[in-house]
Structures are given as C-alpha cells and as structure tokens.
Amino acid sequence: MFHKLPLNEGNREILRCFSEWYVQVTEEVVMFLLDSELKIVQVSSTVQKYFPQYKHSYINMNFFQLIPHEIFMEDEFQNEHQIFIPKFLHQQRDQTYYFSLLMEEQEIEGETYYFTMLKDITEKIHQEQMNIKQQALIETATLAAGVVHELRNPLTSIKGFLQLLQAGVKQEGVYYEVMIKEVEKLEELTTYLLQTGKPLEEKKQLETIKKLIEDSLFVLQTQSELRHVTFEVNIEADYQLFVDARQIKQVFLNVCKNSAEAMEYEGNIFIHVFLNEYLNEVVIEIKDEGKGMSEEMIHEWKQPFCTSKQNGTGLGLAISHSIISNHQGKMFFENRKTKGTIATITLPHFSNNNNKLTESR
C-alpha cells in the first residue's frame, strides 16, 4: 500500500506515527510523509493513479514536482502548523482534477515532518457545478411565464401611445418620455432573464474597489436626474477583489439609483468601504437619506417582481442579489435609526491568503 524507504532505527518511529495519523487509505486519497525539505519519505500507492508518469520513483522526490507551489502562501510553511487548501485545479495530461490538500507539521525526535493528505474532489465539484446549472434552468423556466406577462404591459403601453401619435394627438413630448420609460422597463426585464439564464458566464479578474466605485460614480454623475444628489465616499484602503467588474458596477449603479429615487433625487448618499478582517471580506455600505424601506420589502426584496415603486419591475434588486451570490458575497438592507436605508454588500477580499505564491523549497 505504501512506497517507502527501508526501515531502520532512525525512521521506524517516524513511520509508526505516520501510520497512526492516517488510519485509512481510499482510492480518492493520496497520503504523503514529507521531510523538512518537503521531500517524499513515504507515499500511498494511490499516487500512481494521479501521477503515473513517475512510476516508482516517488521516494526523495520534492513534493512540488507533483503539486504546483503556486497554491501556497509565500510564508505559509514558516507560520502555519496546519495548512488546509479546500480546492485547487491540477491538469494531468488530458485529465483535469480538483483536489483538496491537508498538511500537518509534526515534530518527531527533534526533526520536522509534514503529514499530508491529497484528496480527489473532482466528482464532488462536477456535481456542484451540475446542480448550479440545473438550478439556473429551473429558475429560468419558473420565471419565464412571469417575465413574459410583465413584457406585455410596457408593450401594450407603447402600442397605445403610438396609435395616439398616429391619430395626430398633440403632446408628443410627454408621450415620448413615457415610451422611453417603458422601453427601459423592457430592457430591465430582458437583462434579468439573460442574467438568470446565464449565471456562470462571469469574466472575473483582479479589480480594485476604488476603481469600481469611481467608474460607477462617473456614470451616475452624468445622469441629469441625479444632479442634486451628492455622493460622499470613504474608502479605508484600495482593497482588491476577484470579480466581474461589469456585473459589480451594475449592482452599485442599481443600489445607488434606488437610494437616489428614495430621496426624490435630492440629498446625500454616503459610501463607506472597509475590511472585515475576521471574515476577510470587503464591506461596502451605501447609506441614503430617504424614507426607508418597509419591513415587508426588507424581508422580500430578493424575490423577483417585489417592488414598492408604482412603475417598477421589482427585478433590479433580484438581479443584484443573483450577481453578489455568484461572487460568494452577501447583500442585505436595514433602515437607519435616523432616516434612510443602509445597503450592505460584502465580497471576498483578494489578499495574500488567496494569492498563494511561494518558492519551492
């Protein structure tokens, strides 16, 4: 079951401790005993399933010849007695695997060793991806009928106004303004349907929160109805995020527009960005001076078509929730003690803990 060095008095105690730590080997698990230089002292025979190119020459091989060192933090081995990496991708010839990795530092007879378990979680990841796709299809099918029904209302309005214009009725400017609003409603409905049907098609890359917010504010400040709205921004540090910039800016725009509308397009919107170090999350708080949200809306805003606006579709916040959830973040609302609403958005912080780079030892 194991590839190992010949037993002698010097390593007998080491191998005994290693055998006690690993009680059972399965086909999906490879177990390594590594010395202080990360050379393989002992390894389970399941290693041949995932790294067959090395045949029987595993002993004394450096661990990083099998596992890419990029998955580790720069100083991880100096600071951690136990390392757990829940998921990383490994390409093996024409086969792609997902692994989790657990390493424990052990002191035996004055020497440092690493008891290491590599677990194949490929099937689990594929099942999770399949479940997400199936859920997206179910949501799309469930919402399709409601979206089609909602599409009919603005189309009926546009048709009616066009017929009035065709009949020579005056006040064209008023009718044009209403029709533009109805077209915007159609655009929001179709955007939601596309967003729900294709939730996995993000183009994520490294972005800074300052750039995301600045870009969003630039768009907002070009809109005439927001000319009496002042944005006050406090960003404690220029935190990095691994996100789809277009989608995250869509969320910021939607929340800020809702805040401005709640204030009847006059007042202050406060944006505060800080780091929750305990959870390693970037927190974005957007506070307005509006009338606040009803208790029903605070609890039901995630649901499609739930709105307090007379002419709203109730899809903007549902889209935003879908985007933030797909970025492993959270989003919630609460009323301020004075007046207005606080929208809180959290996103994973891309720090050294995520950017796991180290030198091969």
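Parameters at a glance
Residues numbered from 1 in each chain as written. Predicted model: local features only at pLDDT ≥ 70, side-chain atom pairs only at ≥ 80, totals over all residues. Heavy atoms only, no water. Helix = DSSP H or I, 4+ residues; strand = E, 2+ residues; numbered from the N terminus. Buried < 20%, exposed > 50% of the residue type's maximum accessible area, 1.4 Å probe, protein only. Contact = heavy atoms within 4.5 Å. Areas by Shrake-Rupley, 256 points an atom, 1.4 Å probe, with all protein chains shown as cover. Pairing = 2+ DSSP bridges. Core = buried A, V, L, I, M, F, W, Y, C linked by side-chain atoms within 4.5 Å. Salt bridge = Lys/Arg side-chain N within 4 Å of Asp/Glu carboxyl O. pLDDT = per-residue confidence, 0-100. Phe/Tyr/Trp six-rings, centres within 6.5 Å; stacked < 30°, edge-to-face > 60°. Expected span 1.5 Å × (residues − 1). Axes fitted to C-alpha atoms, helices over the stretch in contact; angles between N-to-C directions.

## Observations concerning the overall build of the protein
Thought 1: Looking only at helices and strands, one finds 9 helices and 13 strands in the protein.
Thought 2: Here the protein holds 361 residues, and the buried ones make up 41% of them.
Thought 3: Looking at the protein alone, contacts between residues at least 24 apart form 62% of all its contacts between residues at least 6 apart.
Thought 4: Carbon and sulfur atoms provide 50% of the accessible area of the protein, an area that totals close to 20800 Å².

## Focus on the pairing of strand S10 (residues 267-276)
The side chains of a regular strand alternate between the sheet's two faces.
Thought 1: The sheet contact formed by strand S8 (residues 229-235) and S10 spans 7 bridges and is parallel. Following the sheet pairing, Glu 232 is matched in S10 by Phe 270.
Thought 2: Across 7 bridges, S10 lies against strand S11 (residues 281-287) in antiparallel orientation. If you follow Ile 271 over to S11, its bridge partner there is Ile 286.
Thought 3: The antiparallel pairing of S10 with S11 creates a hairpin that spans 4 residues between the two strands, and Asn 280 there sits at a positive phi of about 55°.

## As for the nonpolar core
Thought 1: Grouped together as the largest cluster of nonpolar side chains are 36 residues, with contacts concentrated most on Ile 209, Ile 271, Ile 284 and Ile 345.
Thought 2: Element by element, the count of residues in this core is highest for helix H7 (residues 245-262), at 8 residues.
Thought 3: Ignoring sequence-local partners within four residues, the contact set of Ile 345 consists of Val 251, Phe 252, Val 255, Val 282, Val 283, Ile 284, Ile 324, Lys 330 and Met 331.

## Examining the pattern of salt bridges
Side chains carrying opposite charge are able to pair once their charged atoms draw close together.
Thought 1: A full pass over the atoms with the stated rule returns 5 salt bridges.
Thought 2: As a salt-bridge pair, Lys 211 and Asp 215 come within 2.8 Å of each other at their nearest N and O atoms. With Lys 211 and Asp 215 both in helix H6 (residues 209-221), this residue pair falls 4 residues apart, about one helical turn.
Thought 3: The class of Lys 211 is partly exposed, set by a relative accessible area of 41%.
Thought 4: Here Glu 281 and Lys 330 are joined by a salt bridge, their closest N and O atoms 2.8 Å apart. Taken together, the residues span a long stretch of sequence, with Glu 281 in strand S11 and Lys 330 in strand S12 (residues 330-335) at a distance of 49 residues.
Thought 5: Looking at Glu 281, the relative accessible area reads 13%, which means it is buried.

## Quick look at the confidence of the model for the protein
Thought 1: Residues of the protein with pLDDT of at least 70 account for 70%, and the chain-wide mean is 76.
Thought 2: The model gives residues 1-9 a pLDDT under 50, and that stretch makes 31 contacts with residues more than four places away or in other chains.
Thought 3: Segment residues 353-361: pLDDT under 50, and 33 contacts once partners within four positions in sequence are set aside and those in other chains are kept.

## Details of the packing of aromatic side chains
Thought 1: Under the defined criterion, the tally for this structure stands at 7 aromatic pairs.
Thought 2: Note on Tyr 50 and Phe 99: the rings are 5.4 Å apart at their centroids and 80° apart in plane angle, and the pair reads as edge-to-face. Taken together, the positions of Tyr 50 in helix H2 (residues 47-50) and Phe 99 in strand S5 (residues 95-108) put the pair 49 residues apart, joining distant regions of the chain.
Thought 3: Taking relative accessible area as the criterion, Tyr 50 reaches 0% and is therefore assigned buried.
Thought 4: On the numbers, 5.9 Å between centres and 40° between planes, the contact of Phe 88 with Phe 99 is tilted.

## Re the pairing of strand S6 (residues 111-120)
Thought 1: Pairing of strand S2 (residues 29-34) with S6, which is carried by 6 bridges, proceeds in the antiparallel orientation. Bridged to Phe 32 within S6 is Thr 116.
Thought 2: Across 10 bridges, S5 lies against S6 in antiparallel orientation. Along S6, the bridge assignment pairs Phe 99 with Asp 120.
Thought 3: Linking two consecutive strands that pair antiparallel, namely S5 and S6, is a turn of 2 residues; a positive phi of about 50° is found at Glu 109 within it.

## Thoughts on H7
Thought 1: Here H7 is 18 residues long and its end C-alpha atoms lie 26 Å apart, about the 26 Å a rise of 1.5 Å per residue gives.
Thought 2: Those residues of H7 that fall on the buried side of the exposure criterion are Ala 245, Gln 247, Ile 248, Val 251, Phe 252, Leu 253, Asn 254, Val 255, Cys 256, Ser 259 and Ala 260.
Thought 3: Where H7 terminates, the next one or two residues include Glu 264, which has phi positive at roughly 55°.

## Topic: the environment of Val 169
Thought 1: Position of Val 169 among the secondary structure elements: in the loop between helix H4 (122-166) and helix H5 (172-197).
Thought 2: Judged by relative accessible area, which is 31%, Val 169 ranks as partly exposed.
Thought 3: Once you skip the residues sitting within four places of it in the chain, Val 169 turns out to touch Leu 164 and Tyr 175.

## A closer look at H6
Thought 1: When the terminal C-alpha atoms of H6 are compared, their 18 Å separation across 13 residues agrees well with the 18 Å that a helix rising 1.5 Å per residue should span.
Thought 2: Where H6 is buried, its residues touch strand S7 (205-208), S8, strand S9 (240-243), H7, S10 and S11.

## What about the sheet that holds S10?
Thought 1: An order of S8-S10-S11-S13-S12 is seen for the 5 strands of this open sheet, with the pairing classed as mixed. Strand pairing shows two members of the sheet lacking a second neighbour, S8 and S12, which therefore form its edges. Each neighbouring strand pair of the sheet contributes to a mean axis angle of 15°, computed without reference to strand direction.
Thought 2: Together, S8, S10, S11, S12 and strand S13 (341-348) form the strand contacts of H7, whose direction differs from that of S13 by roughly 170°.

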